[in-house]
Structures are given as C-alpha cells and as structure tokens.
Amino acid sequence: MMVRQGLLFSVPLLVMIAALAITGWFMVPQAEPIPVHWSAAGDVNRTSGHLEAFLAIPAIAVLLTLIFSVAPYIDPRGRNLQQSRPLWLATWVGSLVILVIAQGVITLSAIGLLDADGATMPKLIGSAVAVFIAIIGNLLGKARPNWFAGIRTPWTLSSDRSWDVTHRWAARLFMAAGLISLIGLWATGEQIGWIVMLVAISIAALVPVGMSYFIWRNDPDKETYSADNDVH
C-alpha cells in the first residue's frame, strides 16, 4: 500500500522531469554550453553539455524511485517502516519535487525563459530544500525504528528509548532549521543566507547523532553484543 501510494505521487513528477529534460534536449543547440551550477550570488559558475544537463537529474530521479520502492520489502523492520509511512512518503515525494525544480531551473534558463545570471536561481532551490527539511522535521517524531528512514545510528537502532527521544528532538531541530534557512535566504545577503542555511542544517543533522549515543548509554534496556556470548 505504501509503495503504491509513493508510485502514484511519483509518476507525475517523473513525467514532469522527463518532459523538462526532453524539451531542453531538443530546444538547446548541441554545442551550446548549459548552466548547471550557480554561486550563492546567482552567478553561473559551471556549464556543461546535454548529457549532464538533461540526463543526470532524470537518472537520479529513477534511481531514487527504485530505492524507495524496494526498501520496504527488504527492511528487516519493514512493519515499522510501514508505520513510518508519512515520513517515508514525504521524503520520497519531496526528493522528486526538488529534482523537478532543479531540472526546471536548468531547462528554463537554457532555453532563455529564466535569467541564468540572477540571485533568484539558487534561492528557489534553497527555499525548496528549506521547506523540505521543515516538512521532514514535522514527521520525524512519529517514525518507528527501521533501517531506512529517520536518524539511523548504531544507538537508535539498539535502543527504542534512544530512537524515540532522539527523533522527538530531531523533529524540533529540523523544523527550526528549515524555518531559519528560509528566513536566512530571503532576509539576508546571498552569502550570509547560505551560510545560515548550512549551519542550521548541519546542527539539526549532527546534534541528534551525538544525542542518540548518550541516551543509548543510559538506557538499561539497550541492546548490547559481545563476541564472548556467541554460541559455538
């Protein structure tokens, strides 16, 4: 059921990515350099050819869809992953939405419908990532222990208490990071905005990892393993 829902949402997004890529492939002359990367100030700092500009993102999108489709069937804690369906679907669909925006920016700038040199370009993608981070944060606290979605450290996977407490705090941190990033991108200069975003997301990602260890260490019901306990 979860995979079916994911495919239902992802197929239209994959079609959009393919349509944008095909449009760019046939409308942009083969020898013309295509902007594929922008600086924080919105200046084009790397161009490429048709293969990278119009095939890389569709390939990534298909690969992600395959991973998200197969993972629930190979996760040893697949039932818990099913219970984490909102987080799983949001991560799946949100990733593809960001790829749609990225492909749209590349294609529309290549065919001249968007100004390739403008601060709006990186802000659009950055804003999409910030909103995505905030949405993930809103759902992290409800995730159940599994091997594919959430803060998966050796300690959260060995202690249900570590998993629960870590994810409750991670949810708050990710929501705050998304909001702070969004404000930073639009309310400050380009360079400062991206620094704010990088710092906020780094803190939100790293603090729960360290937290998971200390919670696990103080959990009397944590799982531990010793080779001395092997049965020969």
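Residues numbered from 1 in each chain as written. Predicted model: local features only at pLDDT ≥ 70, side-chain atom pairs only at ≥ 80, totals over all residues. Heavy atoms only, no water.

Asks: How would you sum up the environment of Ser 162? Please name residues and give values.
Replies: Inspection of the secondary structure puts Ser 162 in helix H6 (residues 160–187). For Ser 162, a relative accessible area of 0% translates into the label buried. Measuring from C-alpha to C-alpha, the distance between Ser 162 and Leu 179 comes to 26 Å, with 17 residues separating the pair along the chain. Setting aside its immediate chain neighbours within four residues, Ser 162 contacts Trp 155, Thr 156, Ser 212, Ile 215 and Trp 216. (Helix = DSSP H or I, 4+ residues; strand = E, 2+ residues; numbered from the N terminus. Buried < 20%, exposed > 50% of the residue type's maximum accessible area, 1.4 Å probe, protein only. Contact = heavy atoms within 4.5 Å.)

Asks: Tell me about the side chain of His 50, residues and numbers included.
Replies: By the secondary structure assignment, His 50 is in helix H2 (residues 50–74). Looking at His 50, the relative accessible area reads 4%, which means it is buried. Among the polar contacts listed, one links the side chain of His 50 to the backbone oxygen of Val 28, at a separation of 2.8 Å. Apart from the residues lying within four places of it in its own chain, the contact partners of His 50 are Gly 24, Trp 25, Val 28, Pro 29, Gln 30, Ile 34 and Leu 55. (Polar contact = N/O pair within 3.5 Å; in protein donor to acceptor, adjacent residues only side chain to side chain.)

Asks: Summarise the packing of H2 against helix H4 (residues 85–110); cite the residues concerned and give the values.
Replies: Direction vectors running N to C along H2 and H4 enclose 175°, while the axes themselves pass 10 Å from each other. Relative to H4, the element H2 lies roughly antiparallel. Looking at the contact of H2 with H4, its residues break down into 18 nonpolar, six polar and no charged. (Axes fitted to C-alpha atoms, helices over the stretch in contact; angles between N-to-C directions. Parallel < 35°, antiparallel > 145°, perpendicular 65-115°, else oblique. Nonpolar A, V, L, I, M, F, W, Y, C, P; charged D, E, K, R; others polar.)

Asks: Requested: an account of helix H7 (residues 190–217), with residues and values cited.
Replies: In a regular helix each residue adds 1.5 Å, so 28 residues correspond to 40 Å; H7 covers 42 Å between its end C-alpha atoms and thus fits that length. Summarising the contacts, the buried residues of H7 are in contact with helix H5 (120–140) and H6. (Expected span 1.5 Å × (residues − 1).)

Asks: Hey, could you go over H4 for me, with residue numbers and the actual values?
Replies: Along its 26 residues, H4 runs 37 Å from first to last C-alpha, staying within 8% of the 38 Å computed at 1.5 Å per residue. Extensive coverage of H4 is indicated by the burial of 20 of its 26 residues. With its phi angle positive at about 90°, Gly 112 sits one or two positions after the end of H4.

Asks: Outline the nonpolar core, listing residues and values.
Replies: If you look at soluble globular proteins, the nonpolar side chains tend to sit buried side by side. Ranked by size, the top nonpolar core spans 48 residues in total, and within it Phe 54 and Trp 88 carry the most contacts. Looking at this core, the elements with two or more residues in it are helix H1 (2–27), strand E1 (34–38), H2, H4, H5, H6 and H7. Broken down by element, this core gets its largest block of residues, 14 residues, from H4. (Core = buried A, V, L, I, M, F, W, Y, C linked by side-chain atoms within 4.5 Å.)

Asks: So, the pattern of salt bridges: which residues are in play, and what are the values?
Replies: The tally for this structure, following the rule as stated, stands at two salt bridges. Where Glu 52 meets Arg 46, a salt bridge forms, and the shortest distance between an N and an O atom there is 2.7 Å. (Salt bridge = Lys/Arg side-chain N within 4 Å of Asp/Glu carboxyl O.)

Asks: Break down the packing of aromatic side chains for me, citing the residues and quoting the values.
Replies: Under the criterion given, the structure shown has six aromatic pairs. Judged by centre distance (5.6 Å) and plane angle (10°), the rings of Phe 68 and Trp 92 are stacked. Here Phe 68, found in helix H2, pairs with Trp 92, found in helix H4; they are 24 residues apart in sequence, far enough to count as distant. Judged by relative accessible area, which is 0%, Trp 92 ranks as buried. Plain terms: the ring middles of Trp 155 and Tyr 213 are 5.3 Å apart, the flat faces sit at 75° to each other, and that makes the pair edge-to-face. Taken together, the residues span a long stretch of sequence, with Trp 155 in the loop between H5 and H6 and Tyr 213 in helix H7 at a distance of 58 residues. Look at Tyr 213 and you get partly exposed, because its relative accessible area is 27%. By the ring-pair criterion, three or more aromatic residues cluster together here, those being Phe 68, Trp 88, Trp 92 and Phe 148. A cation sits over an aromatic face here: Arg 172 above Trp 169, 4.7 Å from the ring centre. (Phe/Tyr/Trp six-rings, centres within 6.5 Å; stacked < 30°, edge-to-face > 60°. Lys NZ or Arg CZ within 6 Å of the ring centre and 35° of its normal.)

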